[in-house]
Each structure stands twice: as C-alpha cells, then as structure tokens.
Protein chains: 2
Amino acid sequence: MPRPRTHDEALRVRLLDRAGRLLSSEGAAALSLRRLAADVGTSTTAVYSLFGGKPALLRELYVEGFRRFNARLRAVEHTGDPAEDLVRIGIVYRQSALADPHLYSIMFTRVLPDFEPDADAIAESTAAFMPLVEVVREAIESGVFTQTAPDTVAITSWGLVHGLVSLELNGNLPPGMDVAGAYEDALRANVRGWLKT
Amino acid sequence: MPRPRTHDEALRVRLLDRAGRLLSSEGAAALSLRRLAADVGTSTTAVYSLFGGKPALLRELYVEGFRRFNARLRAVEHTGDPAEDLVRIGIVYRQSALADPHLYSIMFTRVLPDFEPDADAIAESTAAFMPLVEVVREAIESGVFTQTAPDTVAITSWGLVHGLVSLELNGNLPPGMDVAGAYEDALRANVRGWLKT
DNA sequence: GGAGTATCCAGAACGCCGTTACCAAACTCG
DNA sequence: CGAGTTTGGTAACGGCGTTCTGGATACTCC
C-alpha cells in the first residue's frame, strides 16, 4: 500500500555530505535547510523524516567529526618512548584539525547557533581524549614523567594543542610565522615540563 | 527645525548594556534586535542609527571584551621573577574569562553567527597579547628561560591558557575535578619546560 | 499665532529562516 | 478498477535582520 520511499539511507548520506561541504565552502550561514534540500534535490521535509530537525542533523556532523578524530589519534603508533608519543599525538591532533577545519569548528566552537551537544555527544568527545590519557599514564608509571595525576597532565596537553589550533584557525597568530615549527617546540616544552628531574 | 533626538549616547549605552546582559543570562539566541529594542523601550531603528546594524553592535561587545581583558592583564604587578609573573598572568587570564564568560565567548568562539571580527578588531585582540610577550622577553633576556623566539614561548603560553579555559567553559573537563589546581599545575609545568637547564 | 518645513523614528513591509500541518500523489490489495 | 494507506512536496506560521516610509514633532518665518 505504501508509496515508494525516497527518504532513504542514500538520501541521508547525501544530505550529510552536502551539509559538510556547504559548511566548509560557504560557512555556517549558508547551511540552511531550504538551501540544503534544494541542493540535493529534495524538500526540507526530508531532514525531518531522516534526522528530526536541524539540530539533529548538526549532531551527526559533530559525532562524525569526533569519530574521525578518534580514528586518527588511535592510529598513531607507539614508539616505546611515551614522551615522544605524546609529541606525536599532538602533531596528529593539529593535522586532524587542519584536515577537517569545519568539523573541528562544530566540535569545539559554537559556530552553529541551533546546536548544543547533549550528554551523549559529549561522551563521544571524551572518548577521543582516551589515547592521550593512556600515553600519559604510561609515561608516569614508567618513571619518565614526574608523579602527578594523569588527568592533570593529559588535560594540560589537550588544552595546549586545542588552544594553539584554535588560535591558528581563528587567525589570531601573527602572520608569516612558522606555525608547524612553533607548534612542535610547544609540544616538546610541554613534555619537558613534566619530566622527572 | 529638527525634532529632539532620542537616539543619543545614553540610549547607545543602554543598548550595549542590555545586549551584554541578555547574552549572558539567556544566551545568543535571545539576543535579537526586536527583543533588545523592546527591552530598552525603543525600536529596532535605534540600532541602525546608533551602530549600523547587528554585526556592528556585536563588534562593540567584542572590543569591549578585549578592553577589559587588556586592563586586567596589565594590572598584574611584576614580582621581579618573570617566570612567576608568567604564572600570575595565566591565573588572571582565567579569572578574566570566568568573570565575563559571555564576552569571552564573543571574543574567541563564534557564538554569534552574524559577527566576524574585521582586521581592526583583531588588532585589538593582539594588543591584549602584549603583556605576555613582554614578560617572556624579560625571562629570556635575563637568562631565566632558554634562548628561544619570544613569540614562540608567548604563543605557547597563550594557547595553553586559552585552550584550558575553552575546555572549561565548554564543559569538556571531567566533572568534579579541581580545575583551579590543575590549571596552576599546568602553568608551572609550562614554565618549567622553558627554563634554562 | 499660524503656516511651512526640515528632521526623526516607530511601525509596516520584505525576504529569509526553522518548523509544522496538510493534502495530492503513488503504490498495494480486494 | 476502485478503495485504502503510506509518503513527502507545498504552503502556512511565527520570528529574524534589514529597509522603507509616513506621520509626528519642533523649529523658523511671516
């Protein structure tokens, strides 16, 4: 009896894909449901039947961003020297952010006024934080780092990379500076600060 | 021949004040021109004759935020030990952000979709960055810190405090943790990382 | 004092937005 | 072939930032 449905999984993927591209190419203001629906050749109703509304669609982009982040950070292979691993993770963190800057801005800034991450979404974000905690714990237990709460060291490191990447993406860094070089210097100084003396 | 103007300096101040309060108490979504005008007993026209539009009004809040930040950071008195000064500036940075969290979010996140800082506004932001550079330069010249580009150290420190404050304001930090304590530990580790060995 | 006029600003109008309600369209089954 | 049912495009609603406009206002000049 039903009419053949066109609001299917394929359309869902096309909407998400187009939303991401729209966001990165024309900014948050260009990402309206009318525009999005017109671009993929459907109506705004599709977003409601497939996601439930605009915030729900943005939520998908948010968790997708953390999923990619997570994968990239976990792919960093350990060298046996946890201090060096910490630096490597930091470098991959920046590369991940620069690879999907529009996703990064959804994840960590409030570019999209209609979306606030709920508890579940935030849980997804803290998961991305785990590889960092593991490496730090290893560094402390093996005696490379001074005896401290692993959370403190991990959060400090996260704050550092997040802050630097935010400043870079916001254009707050002095023009013409060697960002990659300064970034690595910062990571190494951070590690030095926690070494057991 | 003219009719006495009511769109005057006093109204301008009242609009800015109300906009700030609206933002901090009810969030970015509540800050609409219609609502704002109704609250202070005028019409939306006032915002256009006094500022030029909504983005221009938000710009005023942005520079006001940096002005306060600037004043607070410059008020930190130097102890003679530049390493200690750097820690103190970091602590005041966090206090400033927590004192005006809504202004901080205008300054460093994109809560307000209609506003993007222009070059002049960004220049205002880098001015707030100067006390930091001075202290770092002093630490390097006096031989306390290792020989490095002062910009690198200053930006690292800024990134660290900005990142930690952002994570805190975004609710990304584990609940129940001693934020102030961990924050100070982070500042001291950062300083240690740059000490001349 | 009344007429004219230059100025100002509240409110209506416009084209967007997210969201919701509705009903024409399109299929299966008796 | 008609009845029934699920589907989704269209249109309506309230709100937004912005623009336009017309009536109210207060001064000058006769």
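Since we're looking at a predicted model, the values are computed, not measured.

*Asks:* Even after reading the chapter, I still don't get the overall build of chain A, so can you show me in this structure?
*Replies:* Each helix and strand in chain A was counted, giving 10 helices and 0 strands. Element order for chain A, N to C, with α for helix and β for strand: α-α-α-α-α-α-α-α-α-α. Considered along the principal axes of its C-alpha atoms, chain A spans approximately 75 × 40 × 25 Å. The 197 residues of chain A split such that 49% are buried. Long-range pairs, those at least 24 residues apart, make up 68% of the contacts in chain A between residues at least 6 apart in sequence. When the accessible surface of chain A is totalled, it reaches about 9,300 Å², and 51% of it is carbon and sulfur.

*Asks:* Looking at this structure, I do not really get the environment of Leu73 of chain B. What am I missing?
*Replies:* Residue and element names in this part refer to chain B. As for its placement among the helices and strands, Leu73 is situated in helix α4 (residues 54-74). Take Leu73: its relative accessible area is 6%, and that puts it in the buried class. Leu73 sits 15 residues away from Arg88 along the chain, and the two C-alpha atoms are 9.4 Å apart. Excluding its chain neighbours within four sequence positions, the residues that come into contact with Leu73 are Ile89, Val92, Tyr93, Ala128 and Pro131.

*Asks:* Looking at this model, I keep getting lost on the side chain of His7 of chain B. Mind explaining?
*Replies:* Residues and elements named next belong to chain B. Within the element layout of this structure, His7 appears in the segment before α1 (9-26). Here the side chain of His7 touches Ser49 through a polar contact of 2.7 Å, side chain to side chain. Excluding its chain neighbours within four sequence positions, the residues that come into contact with His7 are Thr42, Thr45, Ala46, Ser49 and Leu50.

*Asks:* Please clarify how the domain arrangement of chain A should be interpreted in this entry.
*Replies:* Residues and elements named next belong to chain A. Under the domain assignment, chain A is made up of domain 1 (1-52) and domain 2 (58-194). Computed over C-alpha atoms, the centres of domain 1 and domain 2 are 31 Å apart. The interface of domain 1 with domain 2 comprises 9 residues on the first partner and 7 residues on the second. Overall, the association of domain 1 and domain 2 removes approximately 600 Å² of surface from exposure, summing both partners, and the carbon and sulfur fraction of that is 83%. If you sort the residues of domain 1 by the area they bury against domain 2, Leu16, Leu23 and Ala28 come out on top, with a joint share of 54%. Scanning the region where domain 1 abuts domain 2 turns up 1 salt bridge. With a shortest N-O distance of 2.8 Å, Arg12 and Glu60 are connected by a salt bridge. Counting across the interface, domain 1 meets domain 2 through 1 residue pair in polar contact (both at pLDDT 80 or more).

*Asks:* What am I meant to see in the nonpolar core here?
*Replies:* Soluble globular proteins: nonpolar side chains tend toward being buried together. With 128 residues, the main nonpolar core has Leu15, Tyr93 and Phe145 of chain A together with Leu15, Tyr93 and Phe145 of chain B as its most contacted residues. Here Leu15 of chain A is in contact with Leu36, Val40, Ala46, Val47, Leu50 and Phe51 of chain A, once residues within four sequence places are set aside.

*Asks:* Sorry if this is basic, but what is going on with the relation of the copies chain A and chain B here?
*Replies:* The operation linking the two copies of the chain is a rotation about an axis combined with a translation along the axis. Turning chain A through 180 degrees and shifting it by 0.0 Å along the axis lays it on chain B, with an RMSD of 0.1 Å. Considering both components of the superposition, the chain copies are consistent with a two-fold axis.

*Asks:* Help me out: how do you make sense of the interface of chain A and chain B in this one?
*Replies:* Across the boundary between the two partners, chain A contributes 32 residues, which contact 32 residues of chain B. Interface of chain A and chain B: buried area, both sides summed, is about 2,900 Å²; carbon and sulfur atoms make up 66% of it. Looking only at chain A, the three residues that lose the most surface to chain B are Arg110, Ile155 and Asn172 of chain A, adding up to 19% of its buried area. In this assembly, chain A and chain B are joined by 0 salt bridges. Viewed at the interface, chain B and chain A are joined by 8 residue pairs in polar contact (both at pLDDT 80 or more).

*Asks:* How should the pattern of salt bridges be read in this particular structure?
*Replies:* In this structure the tally under the stated criterion is 30 salt bridges over all chains. Salt-bridge contacts for Arg21 of chain A lead to Asp17 of chain A; the nearest nitrogen and oxygen are separated by 2.8 Å. Of the two residues, Arg21 of chain A and Asp17 of chain A are both situated in helix α1 (residues 9-26); the distance of 4 residues between them amounts to about one turn of the helix. Judged by relative accessible area, Asp17 of chain A falls into the partly exposed class, the value being 39%. As a salt-bridge pair, Glu64 of chain B and Arg68 of chain B come within 3.1 Å of each other at their nearest N and O atoms. Of the two residues, Glu64 of chain B and Arg68 of chain B both sit in helix α4, 4 residues apart, roughly one turn of that helix.

Cut-offs used in this document
Residues numbered from 1 in each chain as written. Chains lettered and ligands numbered in written order. Predicted model: local features only at pLDDT ≥ 70, side-chain atom pairs only at ≥ 80, totals over all residues. Heavy atoms only, no water. Helix = DSSP H or I, 4+ residues; strand = E, 2+ residues; numbered from the N terminus. Buried < 20%, exposed > 50% of the residue type's maximum accessible area, 1.4 Å probe, protein only. Contact = heavy atoms within 4.5 Å. Areas by Shrake-Rupley, 256 points an atom, 1.4 Å probe, with all protein chains shown as cover. Polar contact = N/O pair within 3.5 Å; in protein donor to acceptor, adjacent residues only side chain to side chain. Domains from an automatic or database assignment. Buried area = accessible area lost by both parts, 1.4 Å probe. Salt bridge = Lys/Arg side-chain N within 4 Å of Asp/Glu carboxyl O. Core = buried A, V, L, I, M, F, W, Y, C linked by side-chain atoms within 4.5 Å. Least-squares fit on C-alpha atoms with pLDDT ≥ 70 in both.

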